[in-house]
Amino acid sequence: ASGPDFHFGAFGGVHTGSAAADFGGLTIGFYDTISQPLTTIAGHSYSFSFWLSIGAVGGSSNGQEAFWNGVMIQSLTNSSNLPYTQFTFTEVASSTSTVIAFAGYNPPYFNNVDDVSVTDLDASVPEPATWALGICGLATLIGLRKRRTI
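A short tour of the structure in this document, coming up.

The rules behind the values
Residues numbered from 1 in each chain as written. Predicted model: local features only at pLDDT ≥ 70, side-chain atom pairs only at ≥ 80, totals over all residues. Heavy atoms only, no water. Core = buried A, V, L, I, M, F, W, Y, C linked by side-chain atoms within 4.5 Å. Buried < 20%, exposed > 50% of the residue type's maximum accessible area, 1.4 Å probe, protein only. Helix = DSSP H or I, 4+ residues; strand = E, 2+ residues; numbered from the N terminus. Contact = heavy atoms within 4.5 Å. Pairing = 2+ DSSP bridges. Axes fitted to C-alpha atoms, helices over the stretch in contact; angles between N-to-C directions. Polar contact = N/O pair within 3.5 Å; in protein donor to acceptor, adjacent residues only side chain to side chain.

**Digging into the nonpolar core**
Turning to step 1, where the next piece is worked out: Membership of the largest hydrophobic core comes to 17 residues, with the highest contact counts inside it found for Phe 48, Phe 50, Phe 102 and Val 113.
Turning to step 2, where the next piece is worked out: The element best represented in this core is strand β4 (residues 45-54), accounting for five residues.
Turning to step 3, where the next piece is worked out: Residues contacting Phe 50, with those up to four places away along its chain left out, are Ala 66, Gln 74, Thr 85, Gln 86, Phe 87, Phe 89, Phe 102, Val 113, Asp 114, Asp 115 and Val 116.

Listed below in structure tokens is the structure:
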């Protein structure tokens with residue numbers, strides 16, 4: 001995490017738990033940032049979800065961005081007050097490592113990101129080799145059963 005006014009805490013409240021990522025930024029247009037590399041499978045689709053609140057009072061200048069592997073997938077600027085709202089994106093991993101990141105500023109208030117999740121949408125689909133192995137095993141069991149009954 002970097003930036004002059006980035007905190008883990010509850011400055012703007014939390015969605016669940018006891019802490020959220022708080023993006024303040026001391027200067028308009030200068031973003032506090034946080035990032036996290038994840039192990040991914042190239043070609044798999046992922047659900048990237050998070051809850052965001054923006055504490056804008058009196059037309060404050062603010063900005064909040066979300067990134068998937070360096071590509072901006074969300075950009076909000078000069079938003080009005082926003083209670084915790086869930087945002088969900090479907091993204092495809094291009095390699096075995098993907099970096100998710102957030103950047104924000106909101107002086108003198110805070111933007112808050114909480115409950116971030118990344119879920120592999122292809123993980124429950126067996127690969128062709130798994131299907132082939134299962135079918136071979138089933139055929140072997142059927143063959144053994146028939147052999148015993150003859």
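From this point on, the discussion continues.
**Concerning the pairing of strand β6 (residues 71-77)**
Two faces belong to every sheet, and in a regular strand the side chains alternate between them.
Turning to step 1, where the next piece is worked out: Of the pairings in the sheet, the one linking strand β5 (residues 63-68) to β6 comprises six bridges and is antiparallel in character. By the bridge assignment for β6, Ala 66 is matched with Gln 74.
Turning to step 2, where the next piece is worked out: Between β5 and β6, which pair antiparallel and follow one another directly, the connecting turn spans two residues, one of which, Asn 69, has a positive phi of 55°.

**Describing unusual backbone geometry**
Turning to step 1, where the next piece is worked out: In the segment running from Pro 107 into Pro 108, the intervening peptide bond is cis, with an omega of 0°.
Turning to step 2, where the next piece is worked out: Mapped onto the fold, Pro 108 is located in the loop between β8 (97-105) and β9 (111-120).
Turning to step 3, where the next piece is worked out: The phi torsion at Asn 69 lies on the positive side, around 55°, for a residue other than glycine.
Turning to step 4, where the next piece is worked out: Position of Asn 69 among the secondary structure elements: in the loop between β5 and β6.
Turning to step 5, where the next piece is worked out: Residue classification places Asn 69 among the partly exposed residues on the basis of a relative accessible area of 32%.
Turning to step 6, where the next piece is worked out: Even without being a glycine, Asn 78 presents a positive backbone phi close to 50°.
Turning to step 7, where the next piece is worked out: Its place among the elements puts Asn 78 in the loop between β6 and β7 (82-92).
Turning to step 8, where the next piece is worked out: Residue classification places Asn 78 among the partly exposed residues on the basis of a relative accessible area of 48%.

**Regarding the sheet that holds β5**
Turning to step 1, where the next piece is worked out: Sheet architecture is open: four strands sit in the order β3-β8-β5-β6, paired in antiparallel fashion. In the strand order of this sheet, the two ends are held by β3 (32-39) and β6, each with one partner. Across the sheet, the mean angle from the axis of one strand to that of its neighbour is 10°, orientation sign disregarded.

**Some words on the environment of Gly 13**
Turning to step 1, where the next piece is worked out: Examined against the element boundaries, Gly 13 turns out to sit in the loop between β1 (6-9) and β2 (20-23).
Turning to step 2, where the next piece is worked out: The class of Gly 13 is partly exposed, set by a relative accessible area of 25%.
Turning to step 3, where the next piece is worked out: Residue contacts for Gly 13: discarding those within four places in its chain leaves Ala 20, Tyr 84 and Asn 112.

**Let's talk about the side chain of Asp 114**
Turning to step 1, where the next piece is worked out: Relative to the helices and strands, Asp 114 resides in strand β9.
Turning to step 2, where the next piece is worked out: Classification of Asp 114 as buried rests on a relative accessible area of 7%.
Turning to step 3, where the next piece is worked out: Separated by 3.2 Å, the side chain of Asp 114 and the backbone nitrogen of Thr 16 make a polar contact.
Turning to step 4, where the next piece is worked out: If we skip the residues at most four places from it in the chain, Asp 114 touches Val 14, His 15, Thr 16, Ala 19, Ala 20, Phe 50, Trp 51 and Tyr 84.

Coordinates in, geometry out; function isn't part of it.
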